[in-house]
Amino acid sequence: MDAVSVASSPESTTVRPVLARAVDRARAALVDLNEGAVGRHLGVTAEDECAATHRFVAELPGYHGWQWAVVVAAVPGTDHVTISELALLPGPDALLAPEWLPWDQRVRPGDLSPGDLLAPPKDDPRLVPGYVATGDPEIDEVAFEVGLGRKQVMSREGRLDCAQRWYDGDHGPESEMAKAAPSTCELCGFYLPLAGSLHAAFGVCGNEMAADGHVVTATYGCGAHSDTMLPTGAGSPRYDAYDDAAVEIVDLPSPEMPDTAPEPETAVEAVTDSEGEH
Ligand code: SF4
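Residues numbered from 1 in each chain as written. Predicted model: local features only at pLDDT ≥ 70, side-chain atom pairs only at ≥ 80, totals over all residues.

Peer 1: Describe the site of the ligand, listing the residues and the values that go with them.
Peer 2: By nearness alone, 14 residues border the ligand, and C185, C188, C205, A210 and C222 come closest of all. Taken together, the residues that form the shell around the ligand break down as 11 nonpolar, 3 polar and no charged. (Near = placed C-beta within 6 Å. Nonpolar A, V, L, I, M, F, W, Y, C, P; charged D, E, K, R; others polar.)

What follows is the structure, encoded as structure tokens:
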């Protein structure tokens, strides 16, 4: 019996001695199972008067913190121990997978791939019943023109959620691009306003050099705005502009003084003398 490991388990005091002594028997059962290495004995826990569970470290790759559990049993009043069950169980610090969630709760925006089906949940608050065709062509045609003609349409709650998401997103007025833009989308020639209740605040950008095909808020904007003017003198970024107003300082060699140059005082006197002659 592994006396040290049994003593380390506070619950071992309630285990019948015949079951607590069955450490080697439990280990032998795991070795016979041949599913992986068996580490040190961790302790024994009483299940009831007839059964107890011995736990061992599971030395298996990828199963950090997991334990082998061996349930041993003995009829009261006898010393004959049998093996009831072997299992691999997570210990308190075991590495576990996240709790399972149904697929429709796990799926995130952008996860949908071609061929995937994602039905809206029952009683989806984003949807309300729409207009159902009457069979009268005149009524149905008018209904279709005003955006009905569908079994369901977006509810007010759905529209508000969606508007808030767009407003807070990459093409909203708080984005870095919008803050640095010269003007707003609502004043841009590439802005295509949405129809319906979101008309006043949202449109689609039709500029392939900007947010082409994305919903933008009317107060978003970018540098490709149709009214953008290039600064005067801006040209190809491949060449630095030549600044002809700059002063270039050049070191020149000092001129050689002629040997016959007059002394300064003499030169002044000569100029004075010559002025006096006129
Ligand atoms: S080009 Fe820029 S400013 Fe114009 S609609 Fe598109 S995103 Fe808005």
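Peer 1: Let's hear about the sheet that holds strand β2 (residues 51–59): which residues, and what values?
Peer 2: Across the sheet, which stays open at both edges, the 4 strands sit in the order β1-β2-β3-β4 with antiparallel pairing between neighbours. Whereas interior strands pair on both sides, the edge strands pair on one side only; in this sheet they are β1 (37–46) and β4 (81–90). Each neighbouring strand pair of the sheet contributes to a mean axis angle of 25°, computed without reference to strand direction. In terms of strand pairing, β1 meets β2 through 7 bridges, oriented antiparallel. Considered in β2, the bridge of G43 is made with R55. Helix α3 (residues 23–33) rests against β1, β2, β3 (66–74) and β4 of the sheet, and its axis sits at about 120° to β3. (Pairing = 2+ DSSP bridges. Helix = DSSP H or I, 4+ residues; strand = E, 2+ residues; numbered from the N terminus. Axes fitted to C-alpha atoms, helices over the stretch in contact; angles between N-to-C directions. Contact = placed C-beta atoms within 7 Å.)

Peer 1: Which residues make up the pairing of β3, and what values go with them?
Peer 2: Direction of pairing for β2 relative to β3: antiparallel, over a ladder of 7 bridges. Among the inter-strand pairings, R55 is bridged to a residue of β3, identified as A69. Pairing of β3 with β4, which is carried by 9 bridges, proceeds in the antiparallel orientation. Bridging across to β4, A69 finds its partner in A87.

Geometric descriptors of this kind do not, in isolation, establish any biological role.
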